[in-house]
Amino acid sequence: MRIDVLTLFPRMFEGPMGESIIGKARDKGLLDIRVSNFRDFSDNKHQTVDDYPYGGGAGMLLKVQPIFDNIEAIKQERPEVTPRVILLDPAGKKFDQHMAEEFSKEEQLVFICGHYEGYDERIRTLVTDEVSLGDYVLTGGELGAMVMIDATVRLLPDVLGNNLSAQTDSHSTGLLEHPQYTRPADFRGMKVPEVLTNGNHKLIEEWQTKESLRRTYLRRPDMLAAYELTPQMEKWLAE
Ligand code: ADE
């Protein structure tokens with residue numbers, strides 16, 4: 001997958017996008033991330049990227065020209081590909097696992113990270129998606145883009161060591177993940193549930209499903225409302 005990021009602060013991406021699973025995916029050639037500074041595309045001699053809003057109002061807006069030229073340069077590199085162009089905006093659609101799954105199917109993603117009070121409205125004509133990380137305002141789109149890249153890239157084939165782990169995650173199945181344990185079986189009197197240690201796979205699976213259901217019921221009733229329960233699950237919930 002190819003990912004381009006447009007930002008005024010390219011250095012913010014240097015550490016986080018070079019470590020751990022994302023760093024390994026880049027080393028393995030599964031992922032090519034390019035970060036560009038759209039200030040470099042400003043046609044103004046002072047390389048300004050923001051200006052006052054017409055009609056007045058608080059704060060500055062990002063100008064349309066540098067971002068247009070930067071996106072056009074990116075598109076010219078691979079004219080055969082139509083990238084998904086994502087504008088980071090607290091007023092956009094809220095990012096979730098489903099969106100990460102959609103993004104992971106694309107050949108190329110382009111993230112536009114804003115700063116200041118907002119965007120010149122004409123920038124929106126370039127984009128396919130306007131996305132928010134959540135219902136709060138950040139100082140800029142960079143952290144949001146990094147979160148979205150991380151959630152998307154781990155879904156790419158061969159990025160996670162164990163391909164099954166992405167499919168069984170909390171949020172992929174529609175229920176939260178059940179509790180898990182590793183050795184020792186007894187730590188300071190806190191014991192691993194017996195059922196997990198006795199090797200009966202049918203009972204283990206039943207316990208895991210029940211615990212997923214319990215956890216989702218207690219912590220995220222909103223997720224449970226959207227989930228299609230099996231008759232057995234209905235029975236457990238009624239217990
Ligand atoms: N820029 C500022 N706040 C943001 C948010 N919540 N999501 C995406 N981009 C942002």
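Draft legend 1. Representation of the domain arrangement of the protein in the model. Along its sequence, the protein is organised into domain 1 (2-153) and domain 2 (173-238). For domain 1 versus domain 2, the separation of C-alpha centres amounts to 39 Å.

Draft legend 2. Structural context of the packing of aromatic side chains. Taken as a whole and judged by the stated rule, the model has 2 aromatic pairs. With centroids separated by 6.5 Å and ring planes inclined at 80°, the aromatic side chains of F103 and F111 adopt a geometry described as edge-to-face. Neither residue differs from the other here; F103 and F111 are each classed as buried.

Draft legend 3. Just the site of the ligand, in detail. Around the ligand, the neighbouring residues are L88, D89, P90, V131, S132, L133, G134, Y136, V137, L138, G140 and G141. G134 is positioned with one of its backbone polar atoms (N or O) 3.3 Å from a nitrogen atom of the ligand. Between the ligand and the protein, one listed contact pairs a nitrogen atom with a backbone N or O atom of L138 at 2.9 Å. Protein contact buries 95% of the 260 Å² of open area that the ligand shows by itself. Put simply, the parts of the chain that give the shell around the ligand at least two residues each are strand 5 (84-94) and strand 8 (129-132). Broken down by element, the residue count for the shell around the ligand peaks at 3 residues, all from strand 5. When the residues that make up the shell around the ligand are grouped by side-chain class, the tally is 7 nonpolar, 4 polar and 1 charged.

Draft legend 4. Here's a closer look at the side chain of N70. Here N70 is to be found in helix 2 (residues 64-77). In contact with N70, other than residues within four places in its own chain, are L6, S36, N37, F38 and F41.

Draft legend 5. Geometry of the sheet that holds strand 7 (residues 118-119). Spatial strand order, 3-4-7: 3 strands in an open sheet with mixed pairing. The strands lining the two open edges of the sheet, one partner per strand, are strand 3 (50-51) and strand 7. Bridge count between strand 4 (residues 61-62) and strand 7: 2 bridges; the pairing is parallel. Directly across from L62, in strand 7, lies its bridge partner Y119.

Draft legend 6. View of the packing of helix 6 (residues 201-219) against helix 8 (residues 231-238). Between helix 6 and helix 8, whose axes approach to 11 Å, the crossing angle comes to 60°. Judged on the interaxial angle alone, helix 8 and helix 6 are oblique. Taken as a pair, helix 6 and helix 8 cross one another with a handedness that is right-handed. Residue-level inspection shows E206, T209, K210, L213 and Y217 of helix 6 in contact with helix 8, the latter providing M233, W236 and L237. Partitioning the contact of helix 6 with helix 8 into residue classes produces 5 nonpolar, 1 polar and 2 charged.

Draft legend 7. Geometry of the pairing of strand 1 (residues 2-7). When you tally the buried positions in strand 1, you get 6 out of 6 residues, the bulk of the element. Burial along strand 1 is two-sided: the residues R2, D4 and L6 and I3, V5 and T7 are all buried. Summarising the sheet, strand 1 and strand 2 (residues 32-37) pair through 6 bridges and their orientation is parallel. In the strand pairing of strand 2, L6 is matched with S36. One ladder, built from 5 bridges, connects strand 1 with strand 6 (residues 108-112); its direction is parallel. Looking at the pairing, D4 lines up with V110 of strand 6.

Draft legend 8. Seen up close, unusual backbone geometry. Omega for the bond connecting R183 with P184 falls within 30 degrees of zero, at 5°, which places this linkage in the cis form. Relative to the elements of secondary structure, P184 occurs in the loop between helix 5 (163-168) and strand 9 (186-187). The backbone of H171 shows a phi angle near 85°, a positive value even though the residue is not glycine.

Rules of the game
- Starting afresh in each chain, residues are numbered from 1 along the sequence in its written order.
- Predicted model: local features are reported for residues with pLDDT of at least 70 only, side-chain atom pairs are reported and counted for 80 or more only, and whole-chain, interface and lining totals are derived from all residues.
- Side-chain measures were taken over the full set of non-hydrogen atoms in the model, leaving aside hydrogen atoms and water.
- Domain start and end points were adopted from an automatic or database domain assignment.
- Each Phe, Tyr or Trp ring, with Trp reduced to its six-membered ring, pairs with another whose centre is within 6.5 Å; inter-plane angles below 30 degrees give stacked pairs, above 60 give edge-to-face pairs, and intermediate values give tilted ones.
- Summary of the burial criterion: residues with accessible area below 20% of their type's maximum are buried, those above 50% are exposed, and those between are partly exposed, where the area comes from a 1.4 Å probe applied to protein chains only.
- When we say a residue is near a molecule or strand, we mean one of its heavy atoms is within 4 Å of it.
- Any pair of N or O atoms that falls within 3.5 Å is considered a polar contact. Within protein, one atom must be able to donate a hydrogen and the other to accept it, and sequence-neighbouring residues count only if both atoms are side-chain atoms.
- For the area figures, the Shrake-Rupley method with a 1.4 Å probe applies, and any residue is considered shielded solely by the protein chains shown.
- A run of DSSP states H or I qualifies as a helix once it reaches four residues; a run of E qualifies as a strand once it reaches two. Both are numbered from the N-terminal end.
- Charged residues are taken to be Asp, Glu, Lys and Arg, nonpolar residues to be Ala, Val, Leu, Ile, Met, Phe, Trp, Tyr, Cys and Pro, and polar residues to be all remaining types, Gly included.
- Between two residues, a contact is recorded if the distance between any of their heavy atoms is within 4.5 Å.
- When DSSP locates at least two bridges between a pair of strands, those strands are taken to pair.
- Orientation is described by axes fitted as lines to C-alpha atoms, over the contacting stretch for helices, and by angles from 0 to 180 degrees between their N-to-C directions.
- Relative orientations are named as follows: roughly parallel for angles under 35 degrees, roughly antiparallel for angles over 145 degrees, roughly perpendicular for angles from 65 to 115 degrees, and oblique for any other angle.
- A crossing counts as left-handed when the near helix is turned anticlockwise from the far one by less than a right angle, and as right-handed when that turn is clockwise.

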